[in-house]
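Chain by chain, the residues:
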Amino acid sequence: MEITQHLSGEKSMVLVKNLNIKDVTCYFEFDKGEAYNGTVNITVNGKACINWKTYNSNYTHYYEDHNYCRNPRTDAFDQPWCYYADGYKTAVCSITACDNKIVKRPDWRKCDKQIYQEAITTKLKEIDLTEIQTTSEAIENLENILHHAGNLSIPKYRKQSVVTTKGKSIWNQDINNASRKSKEAFYIWKQDMQNHELKNEMQTAKRRLRSAQRRAHASQRIALTEKIMKSSQSDKKLFHK
């Protein structure tokens, strides 16, 4: 790996060549995995994905030269999926949903350039390049230096933010888990629709999902009722609503 440091009055920049970006191990539910860019290539039923370029159809124009799970059709799929060899069938992939917290992009307009440059310069002087054995070690050192400089010079650097979906539907962890299991059971049954055992498992998963949704709605109604009763003296508008 070649690292070039460039420090001037206006910019502090580190150029990294041959940088290997870490694989993404989960997908975000709020975009149905559209931004997923990882390397999982196995479906929930254990089938190996085929290369996107080997399947030419009007159904999707997602012709990347790999067989990693993606979701170019968010109108039809709620998570990353792929084609597999058995007659070009589709199935969702064995990928877990991410935590709904993301790291916000730093506001570089508020960066104290002098502190940022000094922090990088100081840390670079502390590194003994002869002790770095691998490219991954060099990248890790560089990443730590940049984060250290960012924490010192940028307010709320890498602050975590909770991502929420829009709409009035109820969603919690129980529904999330039940929904994922229901989808997996459905796609597994879809590959062998004559299998009564798989059908029963799929129907059981659906019942558990509906049960989780009913519990969530019931809890919401109870909470609203309690809120209305407590507000009967102080908020007449809500009480009569």
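See the structure above.
As a starting point, this report considers the structure included with it. Everything numeric here is computed off the predicted structure, so don't read it as measured data.

**A closer look at the pattern of salt bridges**
Scanning all chains against the criterion turns up 5 salt bridges. For Lys183, the salt bridge identified is with Asp78, shortest N-O distance 3.3 Å. Of this pair, Lys183 sits in helix α3 (residues 173-190) while Asp78 is found in the loop between β3 (26-27) and β4 (81-84), placing the two residues 105 residues apart along the sequence. A residue is classified by how much of its surface remains accessible, and Asp78, at 35% relative accessible area, is partly exposed. A single network of salt bridges, built from pairs that share partners, joins Lys32, Asp78 and Lys183.

**Regarding α3**
In this model α3 runs 26 Å from its N-terminal to its C-terminal C-alpha over 18 residues, within 8% of the 26 Å that 1.5 Å per residue would give. Taken together, the buried positions of α3 are Ile175, Asn176, Ala178, Ser179, Ser182, Ala185, Tyr187 and Trp189.

**Some points on the side chain of Ser179**
Turning to its location among the elements, Ser179 is positioned in helix α3. Residues contacting Ser179, with those up to four places away along its chain left out, are Trp171 and Leu209.

**Some remarks on the environment of Thr96**
Secondary-structure assignment places Thr96 in strand β6 (residues 96-97). Separated by 70 residues in sequence, Thr96 and Cys26 place their C-alpha atoms 5.1 Å apart. Filtering out sequence-adjacent residues up to four positions away, Thr96 remains in contact with Thr25, Cys26 and Tyr27.

**Quick notes on the packing of helix α1 (residues 113-126) against helix α2 (residues 135-153)**
The contact between α1 and α2 brings their axes to 8 Å, and the two run at 145°. For the pair α1 and α2, the crossing hand works out as right-handed. Across the interface between the two elements, Ile115, Tyr116, Ala119, Ile120, Lys123 and Leu124 of α1 pack against Ile145, Leu146, His148, Ala149, Gly150, Leu152 and Ser153 of α2. Split into classes, the residues belonging to the contact of α1 with α2 amount to 9 nonpolar, 3 polar and 1 charged.

**Examining unusual backbone geometry**
Located in the positive-phi region is Lys156, a residue other than glycine, with phi close to 55°. As for its placement among the helices and strands, Lys156 is situated in the loop between α2 and β8 (160-162).

**Points about the side chain of His66**
You can see His66 is positioned in the loop between β3 and β4. We classify His66 as buried; its relative accessible area is 13%.

**Some thoughts on α1**
Across its 14 residues, α1 extends 20 Å between first and last C-alpha, which sits within 8% of the 20 Å expected from 1.5 Å per residue. Buried within α1 we find Tyr116, Gln117, Ala119 and Ile120. Relative to the axis of α1, the buried residues are bounded by an arc of 160° and lie together on one face. Exposed and facing more than 90 degrees away from the buried side of α1 are Gln114, Lys125 and Glu126.

**Observations regarding a positive patch on the surface**
Together, Lys181, Lys206, Arg207, Arg208, Arg210, Arg214 and Arg215 make up a positively charged patch on the protein surface. Looking at which element gives the most residues to the positive patch, the answer is helix α4 (residues 196-230), with 6 residues. Within the secondary structure, Arg207 sits in helix α4.

**Quick notes on the nonpolar core**
The biggest cluster of nonpolar side chains holds 15 residues, and the ones touching the most others in it are Cys69, Trp81, Cys82, Val92, Cys93 and Ile95. Element by element, the count of residues in this core is highest for β4, at 3 residues. Residue contacts for Val92: discarding those within four places in its chain leaves Thr43, Val44, Phe77, Gln79, Pro80, Trp81 and Tyr187. The next biggest cluster of nonpolar side chains, apart from the first, holds 8 residues, and it includes Tyr116, Ile145, Ala149 and Tyr157.

Calculation rules
- Residues numbered from 1 in each chain as written.
- Predicted model: local features only at pLDDT ≥ 70, side-chain atom pairs only at ≥ 80, totals over all residues.
- Heavy atoms only, no water.
- Salt bridge = Lys/Arg side-chain N within 4 Å of Asp/Glu carboxyl O.
- Helix = DSSP H or I, 4+ residues; strand = E, 2+ residues; numbered from the N terminus.
- Buried < 20%, exposed > 50% of the residue type's maximum accessible area, 1.4 Å probe, protein only.
- Expected span 1.5 Å × (residues − 1).
- Contact = heavy atoms within 4.5 Å.
- Axes fitted to C-alpha atoms, helices over the stretch in contact; angles between N-to-C directions.
- Left-handed = near helix turned anticlockwise from the far one by under 90°.
- Nonpolar A, V, L, I, M, F, W, Y, C, P; charged D, E, K, R; others polar.
- Arc of directions from axis to C-beta.
- Patch = residues over 30% accessible without salt bridge, like charges linked within 9 Å, V, L, I, M, F, W, Y side chains within 5 Å.
- Areas by Shrake-Rupley, 256 points an atom, 1.4 Å probe, with all protein chains shown as cover.
- Lys, Arg positive; Asp, Glu negative; His and termini not counted.
- Charge placed at Lys NZ, Arg CZ, Asp CG, Glu CD.
- Core = buried A, V, L, I, M, F, W, Y, C linked by side-chain atoms within 4.5 Å.

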